[in-house]
There are 2 protein chains.
Amino acid sequence: MSATRRKTSYDVAQLAGVSQSAVSRAFSEDGSVSQKMRDKIRAAADELGYRPNAIARSLGKGQSGLIGMIINRHSQQSYAAALTGITEILRESGGGVLLQVVDADSLADEAIATLLDYQVDAIICSSVLSNTAAEQCAKSGVALCLVNRQTDSMLVDEVFSDNEGVSFAIALGLASTGVQNAAYIYGPESGFVSRLRFQGFSAGCVQAGLAKPSKIYCDFTYQGGYDAALELLDLNPNLDAIFAATDTMAFGVMDALRYSKGIAVPDTIQVVGFDDEATAAYRAYQLTSVRQPMAVMLLEAVDLARNRIKNPKSPKRRVETKSKVIQRKTATWTIQSAIDSGRNQN
Amino acid sequence: MSATRRKTSYDVAQLAGVSQSAVSRAFSEDGSVSQKMRDKIRAAADELGYRPNAIARSLGKGQSGLIGMIINRHSQQSYAAALTGITEILRESGGGVLLQVVDADSLADEAIATLLDYQVDAIICSSVLSNTAAEQCAKSGVALCLVNRQTDSMLVDEVFSDNEGVSFAIALGLASTGVQNAAYIYGPESGFVSRLRFQGFSAGCVQAGLAKPSKIYCDFTYQGGYDAALELLDLNPNLDAIFAATDTMAFGVMDALRYSKGIAVPDTIQVVGFDDEATAAYRAYQLTSVRQPMAVMLLEAVDLARNRIKNPKSPKRRVETKSKVIQRKTATWTIQSAIDSGRNQN
DNA sequence: CTGAAAGCGCTAACAC
DNA sequence: GTGTTAGCGCTTTCAG
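What counts, and where the lines are drawn
- Residues numbered from 1 in each chain as written.
- Chains lettered and ligands numbered in written order.
- Predicted model: local features only at pLDDT ≥ 70, side-chain atom pairs only at ≥ 80, totals over all residues.
- Heavy atoms only, no water.
- Near = heavy atom within 4 Å.
- Polar contact = N/O pair within 3.5 Å; in protein donor to acceptor, adjacent residues only side chain to side chain.
- Helix = DSSP H or I, 4+ residues; strand = E, 2+ residues; numbered from the N terminus.
- Nonpolar A, V, L, I, M, F, W, Y, C, P; charged D, E, K, R; others polar.
- Salt bridge = Lys/Arg side-chain N within 4 Å of Asp/Glu carboxyl O.
- Buried < 20%, exposed > 50% of the residue type's maximum accessible area, 1.4 Å probe, protein only.
- Arc of directions from axis to C-beta.
- Contact = heavy atoms within 4.5 Å.
- Axes fitted to C-alpha atoms, helices over the stretch in contact; angles between N-to-C directions.
- Parallel < 35°, antiparallel > 145°, perpendicular 65-115°, else oblique.
- Left-handed = near helix turned anticlockwise from the far one by under 90°.
- Domains from an automatic or database assignment.
- Phe/Tyr/Trp six-rings, centres within 6.5 Å; stacked < 30°, edge-to-face > 60°.
- Least-squares fit on C-alpha atoms with pLDDT ≥ 70 in both.
- Buried area = accessible area lost by both parts, 1.4 Å probe.

So, about the protein's contact with DNA strand C. As a structural note, the neighbourhood of DNA strand C is formed by 24 residues, with S9, Q20, S24 and Y50 of chain A together with R25 of chain B the closest of them. One of the backbone N or O atoms of G60 of chain B is found 3.3 Å from a base oxygen in DNA strand C. Elements represented by at least two residues in the surface near DNA strand C include exactly helix 1 (9-16), helix 2 (20-26) and helix 4 (54-61) of chain A together with helix 2 (20-26) and helix 4 (54-61) of chain B. At four residues, the largest contribution of residues to the surface near DNA strand C is made by helix 2 of chain A. Its residues assigned to classes, the surface near DNA strand C comprises nine nonpolar, 11 polar and four charged.

Okay, here's the thing in structure tokens:
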């Protein structure tokens, strides 16, 4: 079992007694080869354990079959599940995903460069990108698709979930239960989606005749949420609802309320999160939260990217997916009123 | 900003008035080029926005700089954090991570094939692998390193955490508090690490003079843990400790105990988990759990792989890392006794 | 130290 | 259909 030289199409050709290009054809979907020849070649290939070298193919075709993905460290968890689907799909078409997890948005540019070096066909990015990075992609003819991120460039597609819409609906839902003093906790990802969610939430509050919600910033952690809740309480003792930009922070909020202050959730203060992490369903939290259709979003992104590869100058597309609020036990409006609120918004 | 043809080393050569091979040298660490020439070339390259094509380089060198990673869907969460570090390191050396997330171990072989097609230099795998897949790697001269997985092959390295050791220590710790009837809940990953952990736990119980722990299988979920706990309770009403192969299941166990049965944790039944998920630290759980040094393990894996690339026939290496039990509130032995137990084991 | 030339393994015209 | 030939963009001898 020593590491022998990898078999090439020449080896197969020789064994099968055909030309090398015949081998190439036998391994491409639409190569014009007779069935007989194809069989003969495949047989020879199997005997040798030959598989086409994807790198060499890439060089010749100018397409690598690779898709680059840039994920922000903080949102990684939400993407984890969806990653299964995406690698599977790409695997079926013989491609792969080149992953870059970035710690901070500032590193995204560097990540892009590496991806570009490997001639990825497209980049799916859930991190903020500099304009130069976006331009670089365009110049290199690489399709770029942002996920829950925005850009001015007319040549990059975007897929969003309706961050503002659900947040709006949540405000209405909360208001329908008599909430008067709502607060919002800012969160992760350089605040980009946080801002969207706040805007929606804020607009919803106003629409419902409430004051604009107070807001507070914190880092992206459980502890951050915990501390933020305490601070919020100091600022406004009449608080009766907290919407956190992220489940992780919402858990912190709940625990600060329940364990540190002895405040009942949702009786005294209602809590809503975002992301629908697994933990949200656990009996100890049962957090009402928002579920974005991550798998759908990512698949949509792959789709947009592929279309753009085929047709590079097609106009910018932006697809918005519907999120769902998962009603559990930390907020008390009825599903019906939530649905209604959603309708109002559209 | 139309997608112009990508600049090549020839373009740079022409601009700088030198040969193409000079450009190549200017971009390789140890190319023999005068400083003056290097500067001139780099300047020209910058002007053109040139970056070497990693795919072409791979083809020429026979090394892609790519590392393939295969992660089992169920263990993905534990790897998520460590992925940041790994992509970063590889990025620095100009390489990348080709990721494959597999749903079931049975898909790992297919994943390997795809990875091999792209000529990855090494594969880091946290999924069970067939022998043929392992042989395929060896035959292709691709370094293979398993993480928390085992194989007979003498040519693949392994990095483990001391699954058995900590589990043994946990048994002793539990026993030191007077536990009499311990149970174990099997878990994820085709049971491979589950088995290791059970063996260690079981041995620890015996060593402490207890009966062998009862065990029960369940799927890998919160609900699975929940149901398993209930069943265990039926089987043995005197149960006083449950060790779950995974935190996720342990959360289910705790909630079944507390909310469904009104049983106090840890007063009546102690619970210990494995993985130290973020949720374990939350106030509502405060689960005593085991933290494996994932980042270290993965880095170690990269290191092993790189060494094997340099020296393909070096003897099999197996590195075992130390896990740490994180004492929180669901088990009552003291840290000191845990440390002592650990010592006994070594 | 620098340039010329020969591949790396494959795809894609181009002839037959 | 099938074989021949010319690249894809780089690295690496090999001369000079």
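And the narrative resumes.
Another point: the pattern of salt bridges. Counted according to the given criterion, the structure contains 22 salt bridges over all chains. Close ionic contact of R73 of chain A with D103 of chain A constitutes a salt bridge, the shortest N to O distance being 3.2 Å. Placement of R73 of chain A in the loop between strand 1 (66-72) and helix 5 (76-92) and of D103 of chain A in the loop between strand 2 (96-102) and helix 6 (108-117) is noted, with a sequence separation of 30 residues between them. Given a relative accessible area of 34%, R73 of chain A falls into the partly exposed group. Relative accessible area serves as the criterion here: at 32%, D103 of chain A is assigned to the partly exposed category. Across the salt bridge formed by R318 of chain B and E158 of chain B, the nearest N and O atoms sit 3.4 Å from each other. Highlighted residues: R318 of chain B in strand 11 (residues 318-321) and E158 of chain B in strand 5 (residues 157-161), separated in sequence by 160 residues.

Those residues of helix 4 of chain B that sit buried are A54, I55 and S58 of chain B. Projected down its long axis, helix 4 of chain B carries its buried residues within an arc of 100 degrees, all on one side. Where helix 4 of chain B is buried, its residues meet helix 4 and helix 6 of chain A. Put simply, N53 of chain B is the residue that caps the front of helix 4 of chain B, since its side-chain oxygen is 2.8 Å from the backbone nitrogen of I55 of chain B.

Quick look at unusual backbone geometry now. Here the bond from V265 of chain A into P266 of chain A is cis, since omega is 5 degrees, no more than 30 degrees from zero. Within the secondary structure layout, P266 of chain A lies in the loop between helix 11 (247-260) and strand 9 (270-272). Non-glycine residue D275 of chain A carries a positive phi angle of around 125 degrees. For D275 of chain A, the position within the fold is in the loop between strand 9 and strand 10 (289-291). You will see that Q119 of chain B, though not glycine, has its phi angle at about 55 degrees, which is positive. Looking at the element boundaries, Q119 of chain B is found in the loop between helix 6 (108-117) and strand 3 (122-125).

Further remarks concern the packing of helix 5 of chain A against helix 12 (residues 294-310) of chain A. Residues and elements named next belong to chain A. At a closest axis distance of 8 Å, the pairing of helix 5 and helix 12 adopts a crossing angle of 45 degrees. Comparing the axis directions of helix 5 and helix 12 gives the class oblique. When the axes of helix 5 and helix 12 are compared, the crossing they make is right-handed. Facing S78, Y79, A82, I86, I89 and L90 of helix 5, the residues of helix 12 in contact are M294, A295, L298, L299, V302 and R306. By residue class, the composition of the contact of helix 5 with helix 12 is 10 nonpolar, one polar and one charged.

So, about the domain arrangement of chain A. Split into domains, chain A comes out as domain 1 (9-52), domain 2 (66-161 + 294-322) and domain 3 (163-292 + 325-345). Of note, the centres of domain 1 of chain A and domain 2 of chain A, computed from C-alpha atoms alone, are 35 Å apart.

Summed over the entire model, instances satisfying the criterion amount to 31 aromatic pairs over all chains. With a centroid separation of 4.3 Å and an interplanar angle of 35 degrees, the aromatic rings of Y186 of chain A and Y217 of chain A are classed as tilted. Taken together, the residues span a long stretch of sequence, with Y186 of chain A in the loop between strand 6 (182-185) and helix 9 (192-207) and Y217 of chain A in the loop between strand 7 (214-216) and helix 10 (222-235) at a distance of 31 residues. Considering the side-chain rings of Y184 of chain B and F243 of chain B, the 5.5 Å spacing of their centres and the 70 degrees angle between planes classify their relative orientation as edge-to-face. Residue Y184 of chain B is found in strand 6 (residues 182-185), and its partner F243 of chain B is found in strand 8 (residues 241-244); the two are separated by 59 residues along the sequence. Taken individually, Y184 of chain B and F243 of chain B each receive the classification buried, so the pair is uniform in this respect.

So, about the relation of the copies chain B and chain A. Relating one copy of the chain to the other takes a rotation about an axis and a shift parallel to that axis. Mapping chain B onto chain A calls for a screw motion: a turn of 180 degrees about the axis and a shift of 0.1 Å along it, with 0.1 Å RMSD after fitting. What we have between these two chains is a two-fold relation. Rotation axis and chain B: the residue whose C-alpha lies nearest the axis is L98 of chain B, separated from it by 2.3 Å. Of the residues that chain B buries at the interface, 100% are likewise interface residues in chain A, meaning the two copies contact each other through the same surface.

We now examine the interface of chain B and chain A. Where interface size is given, it is often the accessible area lost as the parts come together that is meant. Counting residues at the interface gives 65 residues for chain B, matched by 65 residues for chain A. Summing both partners gives a buried area of about 5900 Å² for chain B against chain A, and 57% of it is carried by carbon and sulfur. Where chain B packs against chain A, one counts two salt bridges. The residue D117 of chain B makes a salt bridge to R51 of chain A at a minimum N-O spacing of 2.7 Å. At the surface where chain B touches chain A, the tally comes to 27 residue pairs in polar contact (both at pLDDT 80 or more). Elements represented by at least two residues in the side of chain B that touches chain A include exactly helix 4, helix 5 (76-92), strand 2 (96-102), helix 6, helix 7 (131-140), helix 10 (222-235) and helix 11 (247-260) of chain B. Among the elements that take part in the side of chain B that touches chain A, helix 5 of chain B stands out by supplying nine residues, more than any other. When grouped by side-chain class, the residues that make up the side of chain B that touches chain A number 31 nonpolar, 20 polar and 14 charged.

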